[in-house]
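One letter stands for each residue in the lines below.
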Amino acid sequence: MDIYTRYKSLRQRTEDICRPLAIEDYVVQPIVDVSPPKWHLGHTTWFFETFILTPHVQGYQPFNPDYNYVFNSYYETIGNRVIRTDRGNLSRPTVDDIYRYRQHVDEAILKILSAPLEPEVSNLIVLGIHHEEQHQELLYTDIKYILGHNPLFPAYDVTYQPPTLKSTSTNDFIRIKEGLYEIGFKGDGFCFDNELGRHKAYLNEFEISNRLVSNAEYLEFINDGGYSDFRHWHAEGWDWVRNEKITAPLYWHFIDNSWYHYTFRGLEPIDLEASVRHVSYFEAYAYAAWKGLRLPTEFEWEVAAPSFTWGENWEWTESAYLPYPGFKKAPGAIGEYNGKFMVNQKVLRGASVVTSPGHSRLTYRNFFQTNLRWQFTGIRLAK
């Protein structure tokens, strides 16, 4: 697919994700980690305007100069911005304003895509495409949190069907021999800077499950008092469980002696055969400890992943999010994209059913804090 067509398809898909929403849904921000859908629409547009149109297109007029303050996410280089917790307080600009903003920027981007591009501009547009794909997944996860915390449990779309993946019914462990393996991105295609610095890693022999932990298996942990036994938890995780009164994965509800969970179609009975999702690293670690097993490292995961099916849930690993050897941040605001977050976070590998098609790869390094679980996160065991 040429870059012109890919850009148009990308921008349309973002708006298609928002199509089932009511206007009132666009502005809700229940917690700091969840941004209103309206903000995602504006921020992804701001990215193209700020990093491509304003510096590289002579005579380009920003749609609204105030939007730089409203839609800047975390780029200190770019200037001041609305505090993250205040994104849900922005009744203005309106949803209609933001869709007009998207149209204004799209017209300008498509115009420059109709002519030969300088390599720097082309690379920035490709980065912007992958950036918006990340926000497409965030739109899904944020919308689910917004509607899943509405006391009426309204459906996002009663016809929603997630992508189907080839599942493995039997639980087997794949043995990987000890040895020296190469880790990190290799090739000519796109990758994020945190995947670069291909290097060798020595791995002891290990075994890794060929499938994710199921809801039925996780329910055994719950029924065995897993959330009330400190022995399975890190100290910080145990504090989190007690302080937040956590008793089950996010979106699980015990109603009339049965377990239900919120889905994009509304509240539904738990599918015991499906993989458990919306668990924190704390919960993933505790479950593994309860089983007498462990989580894989990100290096083990990368080496073993060609041997199993992945992409249903992002998979917690036992690896801290750190730079690879030789990692260098790019100059300017683009250098703030990944490097400054390499502290106090765990790496997740793979993809999820709401990851944009073709967005992930074996070397992709996702990362979140240990207590977060609004993403589609699951558990794969190792030993």
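Structure: see above.
Here goes a summary of the coordinates provided. If you're wondering where the values come from, they're calculated on a predicted model, not measured in any experiment. (Residues numbered from 1 in each chain as written. Predicted model: local features only at pLDDT ≥ 70, side-chain atom pairs only at ≥ 80, totals over all residues. Heavy atoms only, no water.)

1. A few points about the overall build of the protein chain
Counting its regular elements, the protein chain contains 9 helices and 11 strands. Scaling as 2.2 N^0.38, a compact globule of 383 residues should have a C-alpha radius of gyration of about 21 Å, and the protein chain matches this with 21 Å. Seen along its three principal axes, the alpha-carbon backbone of the protein chain occupies a region of about 65 × 50 × 35 Å. About 18,000 Å² of surface is accessible on the protein chain, with carbon and sulfur atoms providing 51% of the total. With 38 positive and 48 negative side-chain charges, the protein chain shows a separation of 3 Å between the mean positions of the two kinds. (Helix = DSSP H or I, 4+ residues; strand = E, 2+ residues; numbered from the N terminus. Rg over C-alpha atoms; globule rule 2.2 N^0.38 Å. Areas by Shrake-Rupley, 256 points an atom, 1.4 Å probe, with all protein chains shown as cover. Lys, Arg positive; Asp, Glu negative; His and termini not counted. Charge placed at Lys NZ, Arg CZ, Asp CG, Glu CD.)

2. Some remarks on the pairing of strand β8 (residues 314–320)
It is a general feature of regular strands that their side chains alternate between the two faces of the sheet. For β8, the buried fraction is high: 5 of the 7 residues fall into the buried class. Bridging between β8 and strand β9 (residues 346–350) involves 4 bridges; their strand directions are antiparallel. Note on β9: the bridge partner recorded for A320 is K346. The sheet contact formed by β8 and strand β11 (residues 377–378) spans 2 bridges and is parallel. Residue pairing in the sheet places W314 in a bridge with T377 of β11. (Buried < 20%, exposed > 50% of the residue type's maximum accessible area, 1.4 Å probe, protein only. Pairing = 2+ DSSP bridges.)

3. Re helix α1 (residues 3–18)
Across its 16 residues, α1 extends 23 Å between first and last C-alpha, which sits within 8% of the 22 Å expected from 1.5 Å per residue. If you check which residues of α1 are buried, you get Y7, L10, R11, T14, E15, I17 and C18. For α1, the arc enclosing every buried residue in end-on projection is 160 degrees, short of the 170-degree limit, so these residues lie on one face. One side-chain oxygen at the N-terminal end of α1 lies 3.1 Å from the backbone nitrogen of Y4; it belongs to D2. (Expected span 1.5 Å × (residues − 1). Arc of directions from axis to C-beta. Polar contact = N/O pair within 3.5 Å; in protein donor to acceptor, adjacent residues only side chain to side chain.)

4. Things to note about helix α7 (residues 235–244)
By the burial criterion, the buried members of α7 are G237, W238, W240 and V241. When α7 is viewed along its axis, its buried side chains cluster within an angular range of 155 degrees and face the same direction. Residues A235, E236 and N243 are exposed on α7 and point more than 90 degrees away from its buried face. Buried-residue contacts for α7 involve α8 (281–290). Count one or two residues on from α7 and you reach K245, which has phi positive near 55 degrees. (Contact = heavy atoms within 4.5 Å.)

5. Overview of the sheet that holds strand β6 (residues 258–263)
The 3 strands lie next to each other as β5-β6-β7, forming an open sheet whose pairing is antiparallel. On the outer flanks of this sheet lie β5 (252–255) and β7 (266–269), each paired with one strand and no other. Within the sheet, the average angular offset between the axes of one strand and its neighbour, ignoring direction, is 35 degrees. As paired strands, β5 and β6 are joined by 4 bridges and run antiparallel to one another. Bridging from a neighbouring strand, H253 pairs with Y260 of β6. (Axes fitted to C-alpha atoms, helices over the stretch in contact; angles between N-to-C directions.)

6. Examining the environment of K340
Along the chain, K340 turns up in the loop between β8 and β9. Taking the C-alpha atoms as reference points, K340 and H199, 141 residues apart in sequence, are found 21 Å from one another. Here K340 is in contact with Y74, E76 and K329, once residues within four sequence places are set aside. One polar contact links the side chain of K340 to the main-chain carbonyl oxygen of Y74, over a distance of 2.6 Å.

7. A word on the nonpolar core
I109, Y156, Y218, W233 and I379 are the most contacted members of the largest nonpolar core, which has 88 residues in total. It is helix α5 (residues 119–148) that provides the largest number of residues to this core, a total of 11 residues. Among residues more than four places away in sequence, those in contact with Y156 are D16, I17, P20, L21, Y140, I143, L147, Y262 and F264. Counting 14 residues, the second-largest nonpolar core is a separate cluster that includes I183, F206, V303 and A382. (Core = buried A, V, L, I, M, F, W, Y, C linked by side-chain atoms within 4.5 Å.)

Geometry only, nothing functional implied.
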